[in-house]
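# Examination of the molecular architecture
Here is how the chains run, residue by residue.
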2 protein chains.
Amino acid sequence: MRYHKIPDETIKRLPRYMRALLLLIKEGRETVSSGKFAELLRANPPQIRKDLSYFGAFGTPGVGYDTKRLFGQIQAILGLDSTPKAALVGLGNLGTALLKYPGFKAYGMHITAIFDSNPEKIGETVGDIKVENVLELSTLKGRNMSLGIITVPAPAAQEIADQLIAAGVNGILNFAPYYLKVPEHVKVITIDIAMELARLTYYLPTKT
Amino acid sequence: MRYHKIPDETIKRLPRYMRALLLLIKEGRETVSSGKFAELLRANPPQIRKDLSYFGAFGTPGVGYDTKRLFGQIQAILGLDSTPKAALVGLGNLGTALLKYPGFKAYGMHITAIFDSNPEKIGETVGDIKVENVLELSTLKGRNMSLGIITVPAPAAQEIADQLIAAGVNGILNFAPYYLKVPEHVKVITIDIAMELARLTYYLPTKT
DNA sequence: TGGTCTTTGTGAATGCGTACTCAATCACTA
DNA sequence: TAGTGATTGAGTACGCATTCACAAAGACCA
Ligand SMILES: NC(=O)c1ccc[n+]([C@@H]2O[C@H](COP(=O)([O-])OP(=O)(O)OC[C@H]3O[C@@H](n4cnc5c(N)ncnc54)[C@H](O)[C@@H]3O)[C@@H](O)[C@H]2O)c1
Ligand SMILES: NC(=O)c1ccc[n+]([C@@H]2O[C@H](COP(=O)([O-])OP(=O)(O)OC[C@H]3O[C@@H](n4cnc5c(N)ncnc54)[C@H](O)[C@@H]3O)[C@@H](O)[C@H]2O)c1
């Protein structure tokens, strides 16, 4: 049913559905059944149907889902139809890699501001964006920026987060290995690469 | 020692515990109670106690957990005490960022081999590692490499994964937005950055 | 237009992980 | 050596997510 509680796990899967749909659309497929779709994603059909059903009835029985329409619908659910703008803070190795990555556009996202504290980097242009001084972070306020990406060293992360939030950002993608303290209305997703790599070794066959 | 089923979520938390313990050790703390520890991690005490209890009794009632000892124990549980070696394939923007990152060592992990297909990159050295031709990937076999890191474009990911597995790797950290098909005994963790960013917009206040 | 086939949408059951609680345990002190 | 206080370890209850199964619904064809 609509407007009831939606599992967080469902939200995590939606962007994956989008990516698979992009592929299907490129292949020229007009419709896809939950069965075929599940095969592509290595998931099971009822999972997909249930996930989608939380938001309404998008499919047609006997046929399946219209690929283009479903893509648009998921995009709308996630709020990507309004092409949110993101500010990146910390033009280091990781920040640079993110900026050079072309894959974000396909979903309707854009990084439109860059900040750093290093005087050598300030003023530089990456793509067509000029690197600004982190001290001017508050100037973001009028620029309708809804997302922040933190790629500064861990000790600076909390301070940057506070400033981003003060500037009106209410979603933060954090790469620093630090657990940010933020107000209720702000959502933080931390990607902790070292943690994932560490976890991976657990699953290796024990060699003793 | 409990050899019953351990929740995957528990395994995901263990590396975070390690990081927090590193901090405590640096601060000179000898012991920590589950209460203090939970506060630091913004988690709740019973969760931590339960997680640890799956592997045995590490704490002393009335006192708490010995920080150094617990760090070593978690390290052992994860298999990081044997300092697993990792091979990275795809020395692009992301691959370079990972190689320059010093944070992996603290957990007991090392990237000790690099492969790429670009002739300009082959032969180059990064840190003290020489970049090898991806066609020579099979030479990994004798080098006791247990982990692979994939930072090549998505269309090449499956092929690289197959070759890594053939060379004896059985844990893969994959950054390519592609869902790899691997044998039963191989564990894959995919970090899909674009997906996380896309998901983030869902939680933003709907502005209409 | 009626019948059949396919596939959806969802109520119900199952299974898993988290949160709670409390007796058992250990250090410390007198 | 016995008493006190703090904290663990785990059995239990709860809640959420996944899986299952089936009735309702549209498409297609005779
Ligand atoms: N590179 C990786 O592979 C990797 C892996 C795991 C985690 N991380 C984390 O990601 C973050 C960035 O990593 P990196 O490798 O890009 O580091 P980096 O040192 O290359 O880049 C950090 C950048 O932030 C800038 N900076 C520092 N303090 C700042 C401040 N107060 N305000 C604004 N800018 C500031 C620096 O000038 C630099 O450009 C770190 O927190 C790191 O722990 C990185
Ligand atoms: N950079 C990011 O921020 C980012 C974000 C999300 C996902 N990703 C994914 O991570 C992967 C790497 O991204 P990137 O930005 O570093 O890309 P990149 O193009 O900078 O680097 C790719 C590297 O792989 C090498 N390569 C290509 N084909 C190869 C092959 N068959 N064998 C060996 N090496 C090969 C190239 O020579 C290059 O050095 C991609 O799959 C990308 O989709 C990157």
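Residues numbered from 1 in each chain as written. Chains lettered and ligands numbered in written order. Predicted model: local features only at pLDDT ≥ 70, side-chain atom pairs only at ≥ 80, totals over all residues. Heavy atoms only, no water.

Before going further, it helps to spend a moment on the pairing of strand β5 (residues 110–116) of chain B. Residue and element names in this part refer to chain B. Of all seven residues that make up β5, five are buried, and the element is covered over most of its length. Relative to β5, strand β4 (residues 85–89) is paired through five bridges, and the arrangement is parallel. Opposite A87, over in β5, you have A113 as the bridge partner. Direction of pairing for β5 relative to strand β7 (residues 129–133): parallel, over a ladder of three bridges. Among the inter-strand pairings, I114 is bridged to a residue of β7, identified as V131. (Buried < 20%, exposed > 50% of the residue type's maximum accessible area, 1.4 Å probe, protein only. Helix = DSSP H or I, 4+ residues; strand = E, 2+ residues; numbered from the N terminus. Pairing = 2+ DSSP bridges.)

Let's shift gears to the protein's contact with DNA strand D. Near DNA strand D, the surroundings consist of 28 residues, among which R13 of chain A together with S34, R49, G62 and Y65 of chain B are the closest. Near the protein, within 4 Å, the atoms of DNA strand D are sugar or phosphate in 67% of cases. Contacts to DNA strand D include S34 of chain B, whose backbone N or O atom sits 2.7 Å from a phosphate oxygen. Taken together, the elements giving at least two residues each to the surface near DNA strand D come down to α1 (8–26) and α3 (45–53) of chain A together with α3 (45–53), β2 (59–60) and β3 (64–66) of chain B. By residue number, the principal contributor to the surface near DNA strand D is α3 of chain A, which donates four residues. By residue class, the composition of the surface near DNA strand D is ten nonpolar, nine polar and nine charged. (Near = heavy atom within 4 Å. Polar contact = N/O pair within 3.5 Å; in protein donor to acceptor, adjacent residues only side chain to side chain. Nonpolar A, V, L, I, M, F, W, Y, C, P; charged D, E, K, R; others polar.)

This next bit is on the interface of chain A and chain B. Residue-level contacts link 54 residues of chain A with 54 residues of chain B. Counting each side, the surface lost to burial between chain A and chain B is near 5400 Å², with a carbon and sulfur contribution of 72%. Linking chain A with chain B are four salt bridges. Between the two partners, chain A and chain B, sit ten residue pairs in polar contact (both at pLDDT 80 or more). Those elements that place two or more of their residues in the side of chain A that touches chain B are α1, α4 (67–78), α5 (93–100), β8 (147–150), β9 (171–174), β10 (187–190) and α7 (193–200) of chain A. With eight residues, the single largest contributor to the side of chain A that touches chain B is α7 of chain A. Partitioned by chemical class, the residues of the side of chain A that touches chain B number 35 nonpolar, seven polar and twelve charged. (Contact = heavy atoms within 4.5 Å. Buried area = accessible area lost by both parts, 1.4 Å probe. Salt bridge = Lys/Arg side-chain N within 4 Å of Asp/Glu carboxyl O.)

A separate point is the pattern of salt bridges. Scanning the entire structure with this criterion turns up twelve salt bridges over all chains. We note a salt bridge from E132 of chain B to R143 of chain B, for which the minimum N-O separation is 2.9 Å. A residue pair is termed long-range when its members are at least 10 positions apart, and E132 of chain B in strand β7 and R143 of chain B in the loop between β7 and β8 (147–150) qualify at eleven residues. By sharing partners, the salt bridges in this structure join D8 of chain A together with E196 and R199 of chain B into a single network.

Before going further, it helps to spend a moment on the packing of helix α2 (residues 34–41) of chain B against α3 of chain B. Residues and elements named next belong to chain B. The interhelical angle for the contact between α2 and α3, taken along N-to-C directions, is 110°, at an axis separation of 8 Å. With respect to α3, the axis of α2 lies roughly perpendicular. Residue-level inspection shows S34, G35, F37, A38 and L41 of α2 in contact with α3, the latter providing P45, I48 and R49. In terms of residue class, the contact of α2 with α3 is made up of five nonpolar, two polar and one charged. (Axes fitted to C-alpha atoms, helices over the stretch in contact; angles between N-to-C directions. Parallel < 35°, antiparallel > 145°, perpendicular 65-115°, else oblique.)

To continue, consider the sheet that holds strand β1 (residues 31–32) of chain B. Remark on secondary structure: sheet strands pair via backbone hydrogen bonds, oriented parallel or antiparallel. Residues and elements named next belong to chain B. The three strands lie next to each other as β1-β3-β2, forming an open sheet whose pairing is antiparallel. At either margin of the open sheet sits one strand with a lone partner, and together these are β1 and β2. Relative to β3, β2 is paired through two bridges, and the arrangement is antiparallel. Paired with G59 across the bridge in β3 is Y65.

This paragraph deals with the relation of the copies chain A and chain B. Take chain A, turn it by 180°, move it 0.0 Å along the axis, and it overlays chain B with an RMSD of 0.0 Å. Both copies are brought into coincidence by an operation consistent with a two-fold rotation axis. (Least-squares fit on C-alpha atoms with pLDDT ≥ 70 in both.)

Turning our attention to the protein's contact with DNA strand C. Of all residues adjacent to DNA strand C, which total 26 residues, the nearest are S34, G62 and Y65 of chain A together with R13 and P61 of chain B. Of everything in DNA strand C that lies within 4 Å of the protein, sugar and phosphate atoms constitute 67%. Between a base oxygen of DNA strand C and a main-chain N or O atom of P61 of chain B, the distance comes to 3.4 Å. Those elements that place two or more of their residues in the surface near DNA strand C are α3 and β3 (64–66) of chain A together with α1 (8–27) and α3 of chain B. A per-element tally of the surface near DNA strand C places α3 of chain B first, with four residues. Residue classes in the surface near DNA strand C are distributed as ten nonpolar, eight polar and eight charged.

Roughly 1900 Å³ of volume is contained in the largest pocket. What lines the largest pocket is a set of 38 residues, and nearest its centre among them are K12, E196 and R199 of chain A together with K12 and E196 of chain B. Counting only elements with at least two residues in the lining of the largest pocket, the list comes to α1, β10 and α7 of chain A together with α1, β10 (187–190) and α7 (193–200) of chain B. (1 Å grid on protein atoms, 1.4 Å probe; cavity = no way out; pocket = protein on both sides within 12 Å on 5 of 7 lines; lining within 4 Å. Points joined across faces, edges and corners; volume = space filled by probe spheres on them.)

Time to look at the site of ligand 1. Around ligand 1, a shell composed of 23 residues is seen, among which N93, L94, D116, K121 and V152 of chain A lie nearest. Looking at the residues close to ligand 1, they fall on chains A and B. L94 of chain A places a main-chain nitrogen or oxygen 2.8 Å from an oxygen atom of ligand 1. Contact between ligand 1 and A97 of chain B: a nitrogen atom at 3.2 Å from a main-chain N or O atom of the residue. When the free accessible area of ligand 1 is taken as 820 Å², the share hidden by the protein chains comes to 83%. Per-element tally for the shell around ligand 1: the top contributor is helix α6 (residues 154–166) of chain A, with three residues. In terms of residue class, the shell around ligand 1 is built from 15 nonpolar, six polar and two charged. (Areas by Shrake-Rupley, 256 points an atom, 1.4 Å probe, with all protein chains shown as cover.)

What is shown is where atoms sit, not what they do.
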